[in-house]
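If you want the building blocks of each chain, they are given just below.
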Number of protein chains: 2
Amino acid sequence: MKFSPLLDALIESLRILPGVGPKSAQRMAFMLLEHSNGAKKLAKNILAAVDGIQSCSQCRNYTQQPVCDICQSEIRKYAGQLCVVASPLDVLSIEQTGHYQGRYFVLKGLLSPIDGIGPDELGLDLLAKQLQQSSVRELILATSPSVEGEATAYYVSEMAKAASIEVTRLAQGLPSSGELSAIDSRTLGHAFSGRKQL
Amino acid sequence: MKFSPLLDALIESLRILPGVGPKSAQRMAFMLLEHSNGAKKLAKNILAAVDGIQSCSQCRNYTQQPVCDICQSEIRKYAGQLCVVASPLDVLSIEQTGHYQGRYFVLKGLLSPIDGIGPDELGLDLLAKQLQQSSVRELILATSPSVEGEATAYYVSEMAKAASIEVTRLAQGLPSSGELSAIDSRTLGHAFSGRKQL
Ligand SMILES: [Zn+2]
Ligand SMILES: [Zn+2]
C-alpha cells in the first residue's frame, strides 16, 4: 500500500532507529500520528538533544557541559584508572555493573582502515595528551574482542606502554548465560586459552 | 546511571513508540546522538507529518488531502462496500491482503463507555450520514472479536440495518498458523460454532 508522501518520509526516517524494520516503522508512524502531542514532544526532544549534547573535551563521552561529570569527579581522578571504550553506550554498560570507579576515554569507533577510521578519527591524539598529563596509573582496554577491537586495543596499549602506564584488558571467555553449544568458536577458543586452575 | 537532562528527556519521550522499553529507548537515544543528521531529519519528518496529515472528511483515515485517495476512487465507490475498522493500521492490513476493493470507515477506537468513548468519539454521526447518502449496499464489520469490538459491531450493525443496508462480519475461527493448543478458548469456541460442512 502506498501512503501519502509525508507518511512515507516519516516511515523511512524511523528506520534509522536500531532494530526498527519496515513493519515496525509503519506501526510507529501510525502510533505517532495517533498521539500527536507525544510525537511533537519527541521531535522537540530529539532536536534539543542533538543541539545541546556535545562530546566531553576530555573523554569524548556525551555531556551538556564542556567537561562531563565523570571527568570532573575528584574521586574518579584519584582512582588513577582510565577505561578505553568504543562507544558512549559502553560507558553506560560498565557504569551499570557498579564494578568500576575510574574515568573513561570514548573512541566513538574502532580502528578500521578500510572504512577510513584511523587514529585521528578516534581522538587518539587527545588520549595521548591525557596519558602524559594526567595521573593515570592503569589503562583498561574494554574494546570488543572483534578484529577491529583487537587492533585498536593493540594500538592503544602501545601508546600506554610508551607512556609507562600499566595496561590491562577485560577478560575474555564464556558469558554467564547460554549453552556451550551456542557459543561461537572464537569465544570458546578464548575461554580455553584463558582457563584458570581451580 | 544518570544522564544529562536533555538525554533523559529524549529517552523518556522515545517510550511513546510501540514496543520500546527503557533499555531500547536508551539504545535509540544514543544512536540518534551518534547520527545527528538522521536524527534531525526524523524530528523534522515527525513534525511535518503531525502537521500535514489529517483525517479524511469522509472515512477518517489519515490523508494529506481533505478527501483521501480511496474515498476519491470511482472504482471503490462502484463496489458499493464499506468496511468499518477500528484504526488506520487496520486499513493497511486489509489493503495488503489484496482481497478488498471497497471503501472504509475508520472509527479510531472502539465503544468503551468506561473510557468515555461513545458514538460521538467514533464519528458515528458521520458514518450515519454516509449510510444515508451514499451507494453503500454492504457494510462489512472488521472490528476485532474483543468485548469492545463486538459491542461496536453490534451498534454499527443496528445503524446499517436501520438504513436497510446488508451487514456482514469478518469470519472468526482458527488463524492459519499456530498449534491448536496455543489458541485461546474464545477463538477456539468461535471456530467450533462457526464450523462448516465439507
Ligand atoms: Zn568526560
Ligand atoms: Zn477517505
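As recorded in an unreviewed UniProt entry, chain A goes by the name Recombination protein RecR, listed as coming from Catenovulum sediminis. Per its UniProt entry, chain A bears the Sequence similarities (unreviewed entry) comment "Belongs to the RecR family." Under the UniProt heading Function (unreviewed entry), the note attached to chain A is "May play a role in DNA repair. It seems to be involved in an RecBC-independent recombinational process of DNA repair. It may act with RecF and RecO."

Caption draft 1: Representation of the packing of aromatic side chains within the structure. All names here are of chain B. Under the defined criterion, the tally for this structure stands at four aromatic pairs over all chains. A centroid spacing of 5.2 Å and a plane angle of 70 degrees characterise the contact between Tyr100 and Tyr104, whose relative ring orientation is edge-to-face. Comparing Tyr100 with Tyr104, the two get one shared label, buried.

Caption draft 2: Representation of the relation of the copies chain B and chain A. By a simple turn and slide, chain B fits onto chain A: the slide is 0.1 Å along the axis, the RMSD is 0.1 Å, and the turn is 180 degrees. What we have between these two chains is a two-fold relation. Residues of chain B ranked by C-alpha distance from the rotation axis are headed by Ala43(B), positioned 2.1 Å from it. By residue overlap, the copies meet face to face through one surface: 98% of the interface positions of chain B are interface positions in chain A.

Caption draft 3: Highlighting the interface of chain B and chain A. Contacts between the two partners involve 49 residues from chain B, matched on the other side by 48 residues from chain A. Carbon and sulfur atoms supply 80% of the area that chain B and chain A bury against each other, a total of about 4700 Å² over both sides. In this assembly, chain B and chain A are joined by zero salt bridges. Where chain B packs against chain A, one counts ten residue pairs in polar contact (both at pLDDT 80 or more). Of all the elements in the fold, those that place two or more residues in the side of chain B that touches chain A are helix H1 (5-14), helix H2 (22-34), helix H3 (36-52) and helix H6 (88-97) of chain B. With 15 residues, the top contributor of residues to the side of chain B that touches chain A is H3(B). In terms of residue class, the side of chain B that touches chain A is made up of 32 nonpolar, ten polar and seven charged.

Caption draft 4: Quick peek at the pattern of salt bridges. Residues and elements named next belong to chain B. The full count for this structure, using the stated rule, is five salt bridges over all chains. Where Arg76 meets Glu95, a salt bridge forms, and the shortest distance between an N and an O atom there is 2.7 Å. Highlighted residues: Arg76 in helix H5 (residues 74-79) and Glu95 in helix H6, separated in sequence by 19 residues. Residue classification places Arg76 among the buried positions, given a relative accessible area of 10%. Overall, Glu95 belongs to the buried group, its relative accessible area being 18%. One continuous salt-bridge network, built from bridges that share partners, spans Glu150, Arg169 and Arg186.

Caption draft 5: Expanded view of the confidence of the model for chain A. All names here are of chain A. For chain A, mean pLDDT is 90; residues scoring 70 or higher make up 98% of the total. Mean pLDDT in chain A bottoms out at helix H9 (residues 185-193), which sits at 80, and peaks at helix H3 (residues 36-52), which reaches 97. Model confidence for the complex: the whole-complex pTM is 0.79, and ipTM, which rates the interface, is 0.79.

So, how was this worked out
Residues numbered from 1 in each chain as written. Chains lettered and ligands numbered in written order. Predicted model: local features only at pLDDT ≥ 70, side-chain atom pairs only at ≥ 80, totals over all residues. Heavy atoms only, no water. UniProt positions renumbered as here; feature names shortened; annotations may be inferred. Phe/Tyr/Trp six-rings, centres within 6.5 Å; stacked < 30°, edge-to-face > 60°. Buried < 20%, exposed > 50% of the residue type's maximum accessible area, 1.4 Å probe, protein only. Least-squares fit on C-alpha atoms with pLDDT ≥ 70 in both. Contact = heavy atoms within 4.5 Å. Buried area = accessible area lost by both parts, 1.4 Å probe. Salt bridge = Lys/Arg side-chain N within 4 Å of Asp/Glu carboxyl O. Polar contact = N/O pair within 3.5 Å; in protein donor to acceptor, adjacent residues only side chain to side chain. Helix = DSSP H or I, 4+ residues; strand = E, 2+ residues; numbered from the N terminus. Nonpolar A, V, L, I, M, F, W, Y, C, P; charged D, E, K, R; others polar. pLDDT = per-residue confidence, 0-100.

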